[in-house]
Amino acid sequence: MDAPRAARLAARPPVPRAPARLPFGFASSSPTAPRRAGWWWCPRDPRADSSGGAGAFPSPGPCQRLAAAHRNRRSPVANLGLPRPRLPRSPAAGTGTRVTGDGGCDGRPLVECAGDRPIQEHAGAEEKASKMSSTVPKSSNIFWHDCPVGKADRQKLLKQKGCVVWITGLSGSGKSTLACTLGRELHTRGKLAYVLDGDNLRHGLNKDLGFKAEDRVENIRRVGEVAKLFSDAGLVCIASLISPYRRDREACRALLSDGSFVEVFLNMSLELCEARDPKGLYKLARAGKIKGFTGIDDPYEAPLNCEIEIKEVDGVCPSPCDMAGQVVTYLEEKGFLDE
């Protein structure tokens, strides 16, 4: 380079260079923005401040998988296994979001949005909402659609009347045995019945429920709705559950306003049920290995106006055939088995 040109370049004032644009989520290179390693922001939240503003929450630790995903966010291959987050919207400004890897940080979902509340409070609210999700209507603008074939038509086809036989009692009182025996007896008479057993339903429909008070309520609510559908189909639905709370059983009764709810109370003493203990649950409850067990450390509310009450005789539970016979006799007297 010649000397005059070198002199001209040396005399030229320096041109300010624009800060380099880094992938979204990395600390800004601007001298006015503080560098905060380990701070991540939700890529879909327009209120997120990539410089690490006041509402930010620090990442629990470095996650190589997440960093690689951000560096190659335009590549479909890099995002395999990273689900597209669904973020709640909040009108408050300055909302911070913490992003965590589902395999490299703390095992939680990829994106956690805290809204204008701490993350712990937000998680608690989500858990509470999830518990209420099945009891609080979420859908609007929905309409009931009537079909030309109704319950009366199905009952005429089956030559019987749909109803719900709700068997309740302590664990070990014989509910499942009575339900299966009753179902067999109705089958031999040419009547269509179906058994909804409490334990069986917890293998499928209610497998997401435990035995806390709120889970028990939801368990009975779901079974009541299913039993109502079976009754509407014209079947004799036999529901066999402990169903310890009176209010929940009455709520199921209210679903069938035509008087087709038949409550059968197996009034067996706790001593008799514990002596039988066919599943060994009372022994575990007495040893403290099962908490909230009905009859031990959780109450059972006996029915006040059940249709059928079956009691023990001289400290002995009646035979399954005798108990089923009482229920069949009642159904015949009320016309549920009429052709």
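Just so we're clear, the structure is a prediction, and the values are computed from it rather than from any experiment.

## Topic: the state of the cysteines
As enumerated under the stated definition, the model contains 0 disulfides in all. Distance from the sulfur of Cys-237, which forms no disulfide, to the nearest cysteine sulfur (Cys-163) is 8.6 Å.

## Section: the sheet that holds strand β7 (residues 308-311)
What the 5 strands build is an open sheet, ordered β4-β5-β3-β6-β7; its pairing is parallel. Among the strands making up the open sheet, the edge pair consists of β4 (193-197) and β7. For this sheet, the mean inter-axis angle between neighbouring strands, taken without regard to orientation, is 15 degrees. Bridge count between strand β3 (residues 163-168) and strand β6 (residues 261-267): 5 bridges; the pairing is parallel. Bridging from a neighbouring strand, Ile-167 pairs with Val-264 of β6. Its contacts with the sheet put helix α5 (residues 175-188) on β3, β4, β5 (236-240), β6 and β7, and the angle it makes with β5 is roughly 165 degrees. Against the sheet, helix α11 (residues 320-333) touches β3, β5, β6 and β7, its axis set at about 165 degrees to β7.

## Structural notes on helix α8 (residues 246-255)
Of the residues making up α8, those classed as buried are Asp-248, Arg-249, Cys-252 and Arg-253. Axial view of α8: buried residues confined to an arc of 145 degrees, hence all on one face. Counted as exposed and oriented over 90 degrees from the buried face of α8: Arg-247 and Ala-254. Where α8 is buried, its residues contact β3, α7 (213-232) and β6.

## Describing the side chain of Ser-173
Note on placement: Ser-173 falls in the loop between β3 and α5. On the accessibility criterion, Ser-173 (1% relative accessible area) is buried. For Ser-173, the side chain forms a polar contact with the main-chain oxygen of Leu-170, separated by 2.7 Å. For Ser-173, the contacting residues outside a window of four places in its chain are Leu-266, Met-268, Cys-273, Arg-276 and Cys-317.

## Remarks on the confidence of the model for the chain
Predicted confidence across the chain gives a mean pLDDT of 76, with 62% of residues reaching 70 or more. Confidence drops under pLDDT 50 across residues 74-82; counting only partners more than four residues distant or on other chains, this segment forms 11 contacts.

## Things to note about the packing of aromatic side chains
In this structure the tally under the stated criterion is 4 aromatic pairs. Relative to Tyr-300, the ring of Phe-265 lies with its centre 6.1 Å away and its plane at 20 degrees, an arrangement referred to as stacked. Taken together, the residues Phe-265 in strand β6 and Tyr-300 in the loop between α10 (281-286) and β7 connect sequence positions 35 residues apart. Note on accessibility: Phe-265 and Tyr-300 belong to one class, buried. In this structure, Arg-202 packs its charged tip against the face of Phe-211, placed 4.0 Å from the ring centre.

Analysis parameters
- Residues numbered from 1 in each chain as written.
- Predicted model: local features only at pLDDT ≥ 70, side-chain atom pairs only at ≥ 80, totals over all residues.
- Heavy atoms only, no water.
- Disulfide = S-S within 2.5 Å.
- Pairing = 2+ DSSP bridges.
- Helix = DSSP H or I, 4+ residues; strand = E, 2+ residues; numbered from the N terminus.
- Axes fitted to C-alpha atoms, helices over the stretch in contact; angles between N-to-C directions.
- Contact = heavy atoms within 4.5 Å.
- Buried < 20%, exposed > 50% of the residue type's maximum accessible area, 1.4 Å probe, protein only.
- Arc of directions from axis to C-beta.
- Polar contact = N/O pair within 3.5 Å; in protein donor to acceptor, adjacent residues only side chain to side chain.
- pLDDT = per-residue confidence, 0-100.
- Phe/Tyr/Trp six-rings, centres within 6.5 Å; stacked < 30°, edge-to-face > 60°.
- Lys NZ or Arg CZ within 6 Å of the ring centre and 35° of its normal.

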